[in-house]
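Close look at the chain arrangement
Each chain, written out:
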Amino acid sequence: MAEKHKPAPMVDEVSDFEVLEVAVRELAIEKGLFSAEDHRRFAEFAHSIGPLPAARLVAKSWLDPEFKKLALEDGFTASKEVGIDWLNPTGFGTPSDYCDLRVLENTPSVHNVVVCTLCSCYPRPILGHSPEWYRTPNYRRRLVRWPRQVLSEFGLQIPADVEVRVEDSNQKCRFMVMPMRPEGTEDWSEDQLTEIVTRDCMLGVALPHPDRKADDKRPVHKAANPVHGH
Amino acid sequence: MSRGHHAEKATGKGDPQCFRGEAPQPKFKVGDRVRIRDLPDIFYTRCQVYTRGAEGVVAVVTHESPAPEDEAWDNVDAPEWFYIVRFKQKELWSEYPDVYANDTLQTEFSERWLEPV
């Protein structure tokens, strides 16, 4: 009976890669290459990078055709103009990623979406850490083969006459999507436009919308059975 | 060669930029039709099985770098050109719906994986 009702484990099994990361990290700390405090600071920094610089890159491109040309031809140089130096993104002296940024332009006839089937290659210096779902085998395996179904699960229906172009990021190029500027944003400033270019729009699983901002207030649902006296 | 030679080489330039000028002339150009070779990959590779044998078109000639199959073993002596190849989805997945015949997929290969069609 007790066996039958054994609760599910709170934490799923740890992957081989996580074990490897911990082992290498502990060895590096033991050898004095960096301290545990250095590691924590770096992790904190890495987790705090948001998609904001990339959003500004898109907003600038919407407003300035010359900058757009630069962004599409040379993402590395364009990144510098929004404050991201791929050679030294952390300020800790570590180039933490490959540096060949490619910006994929959405057009009325092409919709781009990014995946990495091999692991989770992601333009971290400019987009921050990848979302959890981006790293799951579910997304990685299915997006390349059933892209429209997977996009539908994100609530995005792409018309049949638009080419869905999946970019499987498997080498040293890093990719982000430049969505189309939505209607209803005429006369908007660069700052206003930056606010509506959310992370998911730059991965290709969503489209920007004039009413939806990255820092919108999250809805608050009141507890159905509130605990009294607390 | 020092153990940190990758980082030393990339400092101030970036990777793959630090391999610029080290590969022979690219064999393919944008618009060329290519087929993905089915080379042995008993060790490390970044060439997805689903692309093997498929035909596509070179969309971008990207950069020079050692192929990952070499770099994984710290062999960085023979950089080659890399290419983003565009495939029709139907070419990769026979069951892909005809109504979405325009849909495509792009991914990247080092030169050794490509043969002309």
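First things first, this report covers the structure right here in the doc.

Cut-offs used in this document
Residues numbered from 1 in each chain as written. Chains lettered and ligands numbered in written order. Predicted model: local features only at pLDDT ≥ 70, side-chain atom pairs only at ≥ 80, totals over all residues. Heavy atoms only, no water. Salt bridge = Lys/Arg side-chain N within 4 Å of Asp/Glu carboxyl O. Helix = DSSP H or I, 4+ residues; strand = E, 2+ residues; numbered from the N terminus. Buried < 20%, exposed > 50% of the residue type's maximum accessible area, 1.4 Å probe, protein only. Core = buried A, V, L, I, M, F, W, Y, C linked by side-chain atoms within 4.5 Å. Contact = heavy atoms within 4.5 Å. Pairing = 2+ DSSP bridges. Axes fitted to C-alpha atoms, helices over the stretch in contact; angles between N-to-C directions. Parallel < 35°, antiparallel > 145°, perpendicular 65-115°, else oblique. Left-handed = near helix turned anticlockwise from the far one by under 90°. Nonpolar A, V, L, I, M, F, W, Y, C, P; charged D, E, K, R; others polar.

With that out of the way, let us pick up the pattern of salt bridges. Taken as a whole and assessed by the stated rule, the structure comprises 29 salt bridges over all chains. The partner of arginine 142 of chain A in a salt bridge is glutamate 153 of chain A, and the shortest N-O contact between them spans 2.5 Å. Of this pair, arginine 142 of chain A sits in helix 7 (residues 137-143) while glutamate 153 of chain A sits in helix 8 (residues 147-153); the two residues are 11 residues apart in sequence, bridging distant segments of the chain. Its relative accessible area of 24% is what places arginine 142 of chain A among the partly exposed residues. Residue arginine 112 of chain B pairs with aspartate 70 of chain B through a salt bridge whose shortest N-O separation is 2.7 Å. Of this pair, arginine 112 of chain B sits in the loop between strand 4 (104-110) and strand 5 (114-116) while aspartate 70 of chain B sits in helix 2 (residues 68-71); the two residues are 42 residues apart in sequence, bridging distant segments of the chain. Assessed through its relative accessible area of 17%, aspartate 70 of chain B is described here as buried. What emerges from the salt-bridge pattern is a single network uniting Arg56, Lys60, Glu190 and Asp191 of chain A.

Let us now look at the nonpolar core. Residue and element names in this part refer to chain A. Within the largest apolar cluster, 72 residues are counted, with the highest numbers of intra-cluster contacts made by Leu57, Ile126, Tyr139 and Met176. Examining the composition of this core, we find that six residues originate from one element, helix 3 (residues 52-63), more than from any other. If near-sequence neighbours (up to four positions away) are discounted, leucine 57 is found in contact with Phe67, Ala71, Ala78, Ser79, Val82, Val103, Ile126 and Met176.

Turning to the sheet that holds strand 3 (residues 80-88) of chain B, a few remarks are in order. Spatially, seven strands are ordered 2(A)-3(A)-4(B)-3(B)-2(B)-1(B)-5(B) in an open sheet, and the strand pairing comes out mixed. With partners counted over all chains shown, the strands left at the sheet margins are strand 2 (110-115) of chain A together with strand 5 of chain B, one partner each. Pairs of neighbouring strands in the sheet enclose a mean axial angle of 35 degrees, with direction left out of account. Summarising the sheet, strand 3 of chain B and strand 4 of chain B pair through seven bridges and their orientation is antiparallel. Pairing of phenylalanine 82 of chain B across the sheet is with serine 110 of chain B, part of strand 4 of chain B.

Residue and element names in this part refer to chain A. Two elements in contact, helix 3 and helix 4 (residues 65-73), have axes whose closest approach is 5 Å; the angle formed by their N-to-C orientations is 130 degrees. Classified by the angle their axes make, helix 3 and helix 4 are oblique. Two packed elements cross with a definite hand, and for helix 3 against helix 4 that hand is left-handed. Within the contact between the two elements, helix 3 uses Leu57, Lys60, Ser61 and Leu63 and helix 4 uses Pro65, Phe67, Lys68 and Ala71. Classifying every residue of the contact of helix 3 with helix 4 gives five nonpolar, one polar and two charged.

This next bit is on the pairing of strand 2 of chain A. All names here are of chain A. Most of strand 2 sits inside the fold, with six of its six residues counted as buried. Where burial is concerned, the two faces of strand 2 agree: the one with Val110, Asn112 and Val114 and the one with His111, Val113 and Val115 are both buried. Both strand 2 and strand 3 (residues 163-168) contribute to a ladder of six bridges, which runs parallel. Bridging across to strand 3, valine 113 finds its partner in valine 166.

Along a regular strand, successive side chains alternate from one face of the sheet to the other. All names here are of chain A. Burial analysis of strand 1 (residues 100-105) places five of its six residues in the buried class, the great majority of the element. Relative to strand 4 (residues 173-178), strand 1 runs parallel, the two being bridged by six bridges. Bridge pairing links arginine 102 to phenylalanine 175 in strand 4.

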